[in-house]
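The residues making up each chain are set out below.
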Amino acid sequence: MRIVMVVCLAAFGVAHAQNKPAEPTPPPSWHQGKPPALQESTLHPFAPNLTGRQASELPVQRLKVPAGFKVEVWAEGIPEARSLAVGDKGTVFVSNRLSKNVYAVVDRGGKREVKTLLKGLDAPNGIAFSKGTLYVAERGRITRYDGIENRLDQPGEGKVVIDNLDPNRAPGHFWKFLAMGPDGKLYFNIGAPGNIVMPNYTQASIMRVDPASGVLETVALGVRNSVGMDWNPKSKELWFTNHGRDWLGDDSPNDTLHRVATKTVPNFGYPFCHQGDIIDPEFGKGRSCKEFAKPALKLGAHIAPLGMRFYNGKMFPAEYQGNIFIAMHGSWNRTTKQGYNVSRVVLDEKGAVKKYEPFLTGFLMDEKADPPMWGRPVDLAVMKDGAMLVSDDYNGILYRISHGK
Amino acid sequence: MWHSASAAAAVVALFICSGAAQAADIEAGRAKAQTCAACHGNEGHSTNPAVPSLAGQPAQALATQLFQFREGNRKNDQMSPMAANLSNAEMNDLAAYFASLKPAPATHRTAPQNASAGPALAKKFNCVQCHGPRLEGQQQMPRIAGQHYDYLLAQLRLFKAGRRADMDGNMTSAAQQLSDTDIEVLVDYIAGLGPQ
């Protein structure tokens, strides 16, 4: 009896499939999740000027930092400058996302020389430097370039640390951020393959891989897309930034800052719950935000937090020690734009958030204009002397923030 | 180590940053654009239906495509070698020049039924959200209004087939939703839109 039923169902299924029109294809990933009321919204993502723009044609004099600090253009002509990593000898490595290169910037007596270090890579957004080695996270793999600062003109081929991270070339957030943890493991994101979609078991996560053994582990789940992470130098706890979904309105949900304070793998809620307390109108049905770990701080809706670093350098005043700095790439999915700055988060003695305020501002020109900004911060790096570098992918420029003198 | 190696740096495009770098220069672009006219026509008004008109395109859209050709992301037998040796500054100059020109008048005649069906399709498939309400382009999104029918048709088919480079896969995914008929209706409509 049971067998017959299965056969009947199978036969029905085939006949049905033949008469059915083709499955509708999913909408473009940025547009996906848009409610009917916003179908005609003209909000759209902004793209970088891939050929770069010169600082001389930009209003860099509008950039503002607190009293005692100074901001200046440090290097330019680095197309789509994204993630930053600083070598032991002071080489500044710069990645990009839409191109295929990794650049090395070398300071030669006050002039910066920009070399195209690596070519032909697949969305090499993630870079990390540790113990002489440059690690590069491409769309689907992580490679290592040992002794890189001695081989800036002949870097050779990278050795594969891990491969096959994106076997289906998933759409959406395919680029990776990469950071070396205090445990000697490489941490990276695997983003959600769209604005608001059900991820598979590796997606919407933070993972780590041991470069010695190749063993891959899950660090956090329910993370829509993290493009910045670092460790509190005091507690060794992992902190990371996360981008909330689009098309839930100008003020919802917040993008978030997270602290991983547990030994177990936390789930921060995507796609069911956003910012720890907003249930998703579609995926949240039958779920509760109580099931999920909460963010440490709500940063603002669509503000797009990218690179984040704990400041541990010797140049900034004492009150800046141990602060988190976050590069806000800036909102597109909001009628009144916000972000486009570097913000500062001050922690208390227990490592909880005490204060959140802008630190570097001036990129935002007109919050109602399209585009509203002339530059977009992506990542931060602390240089050997304690100054802070800020990358701007919209123009291909690095800015340097210093204090004193 | 790198002191001795710098002279032999054949691997790399190498340049020194200086404060004297120039902004995009329309006149320098005009001089370099003489080569482009053979295919793209005088003043960026192409008469070859397979070759796009460049006049009045947003500068960022033009520079983006030159970059994509040079980097090998977008491939074309004529354009790939043309872009291969252009610097970023030269691309910005060329882009500034073509952006400064008056768009070509539309030469295509849209079939009446497509003229009425086109606007709704352009909204439904998100063309207007990025290319602008009149499809005249903005930022990295090109002006498609009044572009050659043959060129638009070929590009949309390439996007649908996943064979045309784009920004973050946006056009590739947008084109996945289009049926072959949708493509023909949209292209017939868009190619006939004149500058306003």
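Being a predicted model, the structure only gives us computed values, none of them experimental.

A. Structural context of the packing of aromatic side chains. All names here are of chain A. Inspection of every chain in the model, using the stated rule, returns 22 aromatic pairs over all chains. Consider the rings of Phe-69 and Phe-316, whose centres lie 4.9 Å apart with planes at 85°: the pair is edge-to-face. One end of the pair, Phe-69, is in strand β1 (residues 69–76); the other, Phe-316, is in the loop between β20 (305–310) and β21 (324–328), and 247 residues separate them in sequence. Each member of the pair, Phe-69 as well as Phe-316, carries the same accessibility label: buried. Both rings, one in Phe-69 and one in Tyr-320, keep their centres 5.0 Å apart while their planes meet at 75°; by these two values the pair is edge-to-face. Taken together, the positions of Phe-69 in strand β1 and Tyr-320 in the loop between β20 and β21 put the pair 251 residues apart, joining distant regions of the chain.

B. Local environment of unusual backbone geometry. All names here are of chain A. Here the amide bond leading from Tyr-270 into Pro-271 is cis, since omega sits at 5°, within 30 degrees of zero. For Pro-271, the location among the structural elements is in the loop between β16 (254–260) and β17 (273–274). In this structure, Ala-123 is a non-glycine residue whose phi angle is positive, near 50°. Considering the arrangement of structural elements, one finds Ala-123 in the loop between β5 (111–118) and β6 (126–130). One non-glycine residue with positive phi stands out, namely Lys-131, at about 50°. Structurally, Lys-131 can be placed in the loop between β6 and β7 (133–137).

C. Broad picture of the confidence of the model for chain A. Residue-level pLDDT values for chain A average 92, and 93% of them are 70 or greater. A low-confidence stretch, residues 1–21 of chain A stays under pLDDT 50, and its non-local contacts, those more than four residues away or across chains, total zero contacts.

D. Structural detail: the sheet that holds strand β23 (residues 353–360) of chain A. Residues and elements named next belong to chain A. The sheet built from four strands is open, its strands ordered β20-β21-β22-β23 with antiparallel pairing. Two strands bound the open sheet, and with one partner strand each, they are β20 and β23. Ignoring strand direction, the axes of neighbouring strands in this sheet form an average angle of 25°.

E. Highlighting the sheet that holds β6 of chain A. Residues and elements named next belong to chain A. Taken in spatial order, the four strands make up an open sheet running β6-β7-β8-β9, and their pairing is antiparallel. Because the sheet does not close on itself, it has two edges, and the strands there are β6 and β9 (159–162). Each strand axis lies, on average, 25° off the axis of its neighbour in the sheet, ignoring direction.

F. Here's a closer look at the environment of Leu-101 of chain B. All names here are of chain B. Tracing the sequence through the fold places Leu-101 in the loop between α6 (88–99) and α7 (112–124). For the pair formed by Leu-101 and Asp-188, sequence separation is 87 residues and the distance between their alpha carbons is 24 Å. The residues contacting Leu-101, other than those within four sequence positions of it, are Glu-43, Gly-44, Ala-55 and Gly-56.

G. Structural context of the interface of chain B and chain A. Chain B puts 44 residues into the contact, and the matching count from chain A is 50 residues. For the pairing of chain B and chain A, the buried interface totals around 4000 Å² over both sides, and the portion due to carbon and sulfur atoms is 53%. Linking chain B with chain A are two salt bridges. Remark: the boundary between chain B and chain A carries 10 residue pairs in polar contact (both at pLDDT 80 or more). The set of elements that each furnish at least two residues to the side of chain B that touches chain A consists of α1 (2–5), β1 (14–16), α4 (59–70), α6, α8 (127–131) and α10 (170–176) of chain B. Per-element tally for the side of chain B that touches chain A: the top contributor is α4 of chain B, with five residues. Across the side of chain B that touches chain A, the residue classes break down as 21 nonpolar, 20 polar and three charged.

H. Fine view of the side chain of Gln-32 of chain A. Residues and elements named next belong to chain A. Within the secondary structure, Gln-32 is located in the loop between α1 (2–19) and β1. In terms of polar contacts, Gln-32 uses its side chain to reach the backbone carbonyl oxygen of Ile-196, at 2.6 Å. Each residue touching Gln-32, except ones within four places of it in the same chain, is listed here: Pro-27, Gly-194, Asn-195, Ile-196, Val-197 and Trp-247.

I. Up close: the nonpolar core. Residues and elements named next belong to chain A. Counting 31 residues, the largest nonpolar core has Phe-316, Phe-325, Phe-359, Leu-360 and Ile-401 as its most contacted members. Secondary structure elements with two or more residues in this core: β21, β23, β25 (388–392) and β26 (397–403). If you tally residues by element for this core, the top one is β26, at three residues. Sequence-distant contacts of Phe-316, defined by excluding residues within four places in its chain, comprise Phe-69, Tyr-311, Gln-321, Phe-325, Phe-359, Gly-386, Ala-387, Met-388, Ile-401, Ser-402 and His-403.

What counts, and where the lines are drawn
- Residues numbered from 1 in each chain as written.
- Chains lettered and ligands numbered in written order.
- Predicted model: local features only at pLDDT ≥ 70, side-chain atom pairs only at ≥ 80, totals over all residues.
- Heavy atoms only, no water.
- Phe/Tyr/Trp six-rings, centres within 6.5 Å; stacked < 30°, edge-to-face > 60°.
- Helix = DSSP H or I, 4+ residues; strand = E, 2+ residues; numbered from the N terminus.
- Buried < 20%, exposed > 50% of the residue type's maximum accessible area, 1.4 Å probe, protein only.
- pLDDT = per-residue confidence, 0-100.
- Contact = heavy atoms within 4.5 Å.
- Pairing = 2+ DSSP bridges.
- Axes fitted to C-alpha atoms, helices over the stretch in contact; angles between N-to-C directions.
- Buried area = accessible area lost by both parts, 1.4 Å probe.
- Salt bridge = Lys/Arg side-chain N within 4 Å of Asp/Glu carboxyl O.
- Polar contact = N/O pair within 3.5 Å; in protein donor to acceptor, adjacent residues only side chain to side chain.
- Nonpolar A, V, L, I, M, F, W, Y, C, P; charged D, E, K, R; others polar.
- Core = buried A, V, L, I, M, F, W, Y, C linked by side-chain atoms within 4.5 Å.

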